Amino acid sequence: MKFNIAIDGPSAAGKSTIAKKLAKELGYAHLDTGAMYRCVAYFSKLKDVSFDDEEKVASLIDAMQIHFDAQGNVYLNDENVSNEIRKNEISMLTSKISAYPAVREKLVAMQQKMAEHKGYIMDGRDIGTVVLPNAEIKVYMVASVKARADRRYKEYVEKQIEADYDTIYKDIEQRDYQDMNRKTSPLKKADDAVEIDTSDMSIEEVVNTIRRLLPAEV
Ligand code: C5P
């Protein structure tokens, strides 16, 4: 029997890296919901839509086809946007548009439809609380701001994305604040989620900790 696994937590806590690895080991599908919100921000910028116009931003979603390949690349209407959507400017804009209920409603519906048949590992901010409240396994992943800024900086350097450490650090703090304090689906731990602090853990250790939460047959 396949399960759905929800992984939530603040930005750069390692959710996507862990979800991707775990999905590969278990033969599950990985859905990075943050990438979907990022695509909406990227597309709004591309189409020159005002970021203050909730309805216009949300209506763009109807013209968007998002898909992922096996390597985790993100395609928006067949264009590989994997690097573009990770840029700092897009991260900040994403945090803004993801507070809009009209945007969330559309993306949540898409995510719920995708996971209907189980066997999904979804990572985001509201998976355990809103998208998949009945997920069999829920993880809430946290890490110190410093650990997260260090990781994001390293990731940017490796991907040759322009990066300034202090800006990354401050942006993480600001995004935490925005994500935790918005009215619609703020980032918070589901009551039945298991919290894992990944600050001093390796990727392997986190993956193994989650695997120990799974029943033997998975
Ligand atoms: O996970 P990632 O950092 O790529 O997410 C980018 C932004 O998208 C977050 O800062 C958050 O504002 C938003 N997001 C969200 N709900 C999700 C996933 C991401 O609001 N399920």
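Residue positions are given per chain, counting from 1 as you read along its sequence in written order. Thresholds applied to this predicted model are a pLDDT of at least 70 for local features of residues and 80 or more for the giving and counting of side-chain atom pairs; totals over whole chains, interfaces and linings are not thresholded and use all residues. Hydrogens and water molecules were not included; the side-chain quantities draw on all heavy atoms of the structure.

Draft legend 1. Highlighting the site of the ligand. Around the ligand, the structure places 16 residues, and the nearest of them are Arg38, Ser98, Arg104, Asp126 and Asp179. Between N or O atoms, a polar contact is any pair within 3.5 Å; within protein, one atom must be a potential hydrogen donor and the other a potential acceptor, and residues adjacent in sequence are included only when both atoms are from side chains. One of the side-chain N or O atoms of arginine 175 is found 2.9 Å from an oxygen atom in the ligand. Using a 1.4 Å probe, the Shrake-Rupley method yields the accessible areas, and only the shown protein chains count as cover for residues. Calculation on the ligand without its partners gives an accessible area of 460 Å², and the protein chains cover 97% of this total. Helical segments are the DSSP runs of H or I of at least four residues, strand segments are the runs of E of at least two, and each set is numbered from the N terminus. Elements supplying a minimum of two residues to the shell around the ligand: α2 (33-46), α4 (88-97) and α8 (165-181). When residues in the shell around the ligand are grouped by element, the largest group, four residues, is from α2. For this description, a residue counts as near a given molecule or strand if any of its non-hydrogen atoms is within 4 Å of it.

Draft legend 2. The arrangement of the packing of aromatic side chains in detail. Only Phe, Tyr and Trp rings take part, Trp by its six-membered ring, and two of them pair if their centres are within 6.5 Å. Stacked means planes under 30 degrees apart, edge-to-face means over 60, and tilted covers everything else. Inspection of the entire model under this criterion finds two aromatic pairs. Considering the side-chain rings of tyrosine 165 and tyrosine 169, the 6.4 Å spacing of their centres and the 45° angle between planes classify their relative orientation as tilted. Of this pair, tyrosine 165 and tyrosine 169 both sit in helix α8, separated by four residues, roughly a single helical turn. Overall, the relative accessible area of 27% leaves tyrosine 169 in the partly exposed class. Exposure classes here rest on a 1.4 Å probe applied to the protein chains alone. A residue is buried below 20% of its type maximum, exposed above 50%, and partly exposed in between.

Draft legend 3. Broad picture of the UniProt feature "binding site: ATP" (unreviewed entry) in the protein. Under the UniProt annotation, the feature "binding site: ATP" (unreviewed entry) is placed at Gly9, Pro10, Ser11, Ala12, Ala13, Gly14, Lys15, Ser16 and Thr17. Summarising the element assignment, glycine 9 is placed in the loop between β1 (4-8) and α1 (15-26). We classify glycine 9 as buried; its relative accessible area is 0%. Contact between two residues is taken to exist if any of their heavy atoms lie within 4.5 Å; hydrogens are not considered. Those residues within four positions of glycine 9 in sequence are excluded, and the remaining contacts are Lys15, Gly124, Arg125, Tyr140, Met141 and Leu187. For threonine 17, a relative accessible area of 42% translates into the label partly exposed. UniProt positions are given in the numbering used here, feature names are shortened, and annotations may be inferred rather than shown by experiment.

Draft legend 4. Just the UniProt feature "domain: Cytidylate kinase" (unreviewed entry) in the protein, in detail. The feature "domain: Cytidylate kinase" (unreviewed entry), as given by UniProt, occupies residues 5-212 in the numbering adopted here. Spanning residues 5-212, this segment combines 49% helix with 15% strand, and its end C-alpha atoms are found 13 Å apart.

Draft legend 5. Spotlight on helix α5 (residues 101-114). Helix span, expected: 1.5 Å multiplied by one less than the number of residues in the helix. An ideal rise of 1.5 Å per residue puts 20 Å on 14 residues; α5 measures up with 20 Å between its terminal C-alpha atoms. If you check which residues of α5 are buried, you get Ala102, Val103, Arg104, Leu107, Val108 and Gln111. Buried residues along α5 sit in contact with β2 (29-32), α2, α3 (54-60), α4, β6 (120-124) and α6 (127-131).

Draft legend 6. Geometry of the sheet that holds strand β4 (residues 74-76). When DSSP finds two or more bridges between two strands, those strands count as paired. Within the open sheet, the three strands sit side by side as β3-β4-β5. Their pairing is antiparallel. Since the sheet does not close on itself, it has two edges, and those belong to β3 (66-68) and β5 (79-80), each with one partner. Throughout, an axis means a line fitted to C-alpha atoms (over the contacting stretch in the case of helices), and angles, computed between N-to-C directions, take values from 0 to 180 degrees. Of the strands in this sheet, β3, β4 and β5 touch α2, which is tilted by about 40° from β4.

Draft legend 7. Layout of the sheet that holds strand β7 (residues 137-142). Strand order in this open sheet of five strands is β2-β6-β1-β7-β8, and the pairing throughout is parallel. Strands at the two margins of the open sheet, each flanked by one partner only, are β2 and β8 (194-197). For this sheet, the mean inter-axis angle between neighbouring strands, taken without regard to orientation, is 20°. Here five bridges tie β1 to β6, and the two strands are oriented parallel to one another. From the neighbouring strand, isoleucine 7 faces β6, where its bridge partner is aspartate 123. Sheet strands touched by α2: β2 and β6. Its angle to β2, the strand with the most contacts, is close to 40°.

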